[in-house]
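Residue-level structure breakdown
Spelled out, the chains give:
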Amino acid sequence: MTNMTKVNQNSFASGYHFYKMFWVFFISSILGFVIESLFCLLRYGYIESRAGLIYGPFSQIYGFGAVIMVLILHRINIKRELLLFFASAFLGGLFEFSCSLIQEFAFGFISWDYSDSQFSIFGRTNLLYCFFWGILGVILIKDIYPFMSHQIEKIPNKIGAIVSWALIVFILFDFSISALATIRANQRYHGILASNYVQTLLDQYYPDSVLKKIYPNMIHVN
């Protein structure tokens, strides 16, 4: 077991503090969005929205995935790369599988389906993407997180706390409006007319045409 970063007791986000994990989530969500966009460009030759939320370049799966890996895998000696790889592959695949289930049963949609790919695991993930999660996990724990943690701890205490809470409020709003818009889209799919002011606003500002641009790969599940 080894410590990946030196704890700065004077920092607003020392160790594995809530603020530190929020910034890991925030930064990793943006990095995930960039990774997904580049992957789409390299594989298909075009760029399309790979955002997970309505506002901002965020892919929250990568954000939450990074936090989970940091909190669980930091206890593994970073020199044991093979163990890090398999642990990351398992955690990443399990997390991706869980996200697909939650999205389907909570919102009536899925954003990916690997049923036609080799080594698919019920269409919710596959061994190839587990392999990618393994690689990302090793890079995250050995290189990205130590650097990220060091930079976060350089943020002045008062500024760090204020900026963190401003971003937390924004992200919570983004999550809420994205969830409500998706739930309302599922209701529209089933022919449920707007029956209150909130649903009317959602229909006005987040119709299917808008959501299709933000979530081009989102598929309704009966």
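Within every chain, residues take consecutive numbers counted from 1 along the sequence as written. In keeping with the predicted nature of the model, local features appear solely for residues at pLDDT of at least 70, side-chain atom pairs appear and are counted solely at 80 or more, and the whole-chain, interface and lining totals rest on all residues. Side-chain metrics rest on all non-hydrogen atoms present in the structure, leaving aside hydrogens and water.

Those residues carrying the UniProt feature "transmembrane region" (unreviewed entry) are residues 21-46, 52-73, 82-109, 121-141 and 162-183 in this numbering. Across residues 52-73, the secondary structure splits into 64% helix and 0% strand, with the terminal C-alpha atoms separated by 25 Å. A run of H or I in DSSP becomes a helix once it reaches four residues, and a run of E becomes a strand once it reaches two; helices and strands are each numbered from the N terminus. Each end of residues 121-141 is marked by a C-alpha atom, and these two atoms are 26 Å apart; helix forms 71% of the span and strand 14%. UniProt positions are given in the numbering used here, feature names are shortened, and annotations may be inferred rather than shown by experiment.

Convention adopted: a line fitted to C-alpha atoms gives each axis, helices being fitted over their contacting stretch, and angles between N-to-C directions are expressed from 0 to 180 degrees. One way to put it is that helix α1 (residues 18-44) packs onto helix α2 (residues 60-73) with a least axis distance of 7 Å and a crossing angle of 130°. The orientation of α1 relative to α2 falls into the category oblique. The handedness of the crossing between α1 and α2 is right-handed. Mapping the contact onto sequence places Met-21, Val-24, Phe-25, Ser-28, Ser-29, Gly-32, Ile-35 and Glu-36 in α1 and Gln-60, Tyr-62, Gly-63, Phe-64, Ala-66, Val-67, Val-70 and Leu-71 in α2. In this scheme, roughly parallel covers angles under 35 degrees and roughly antiparallel covers those over 145, while 65 to 115 is roughly perpendicular and the rest are oblique. Left-handed is the label given to a crossing in which the near helix is rotated counterclockwise from the far helix by less than a right angle, and right-handed is the label when the rotation is clockwise. Should any heavy atoms of two residues lie within 4.5 Å, those residues are considered in contact.

Looking now at the environment of Lys-20. Here Lys-20 is to be found in helix α1. Sequence separation between Lys-20 and Ala-51 is 31 residues, and the spatial gap between their C-alpha atoms is 23 Å. In this view, Lys-20 contacts Ala-13, Ser-14, Gly-15, Tyr-145, Ser-149, Ile-152 and Glu-153; residues no more than four positions away in its chain are not counted. What qualifies as a polar contact is a pair of N or O atoms within 3.5 Å, subject to a donor-acceptor requirement within protein and to the restriction that residues adjacent in sequence count only when both atoms come from side chains. Of the polar contacts made by the side chain of Lys-20, one reaches the side chain of Ser-149; its length is 2.9 Å.

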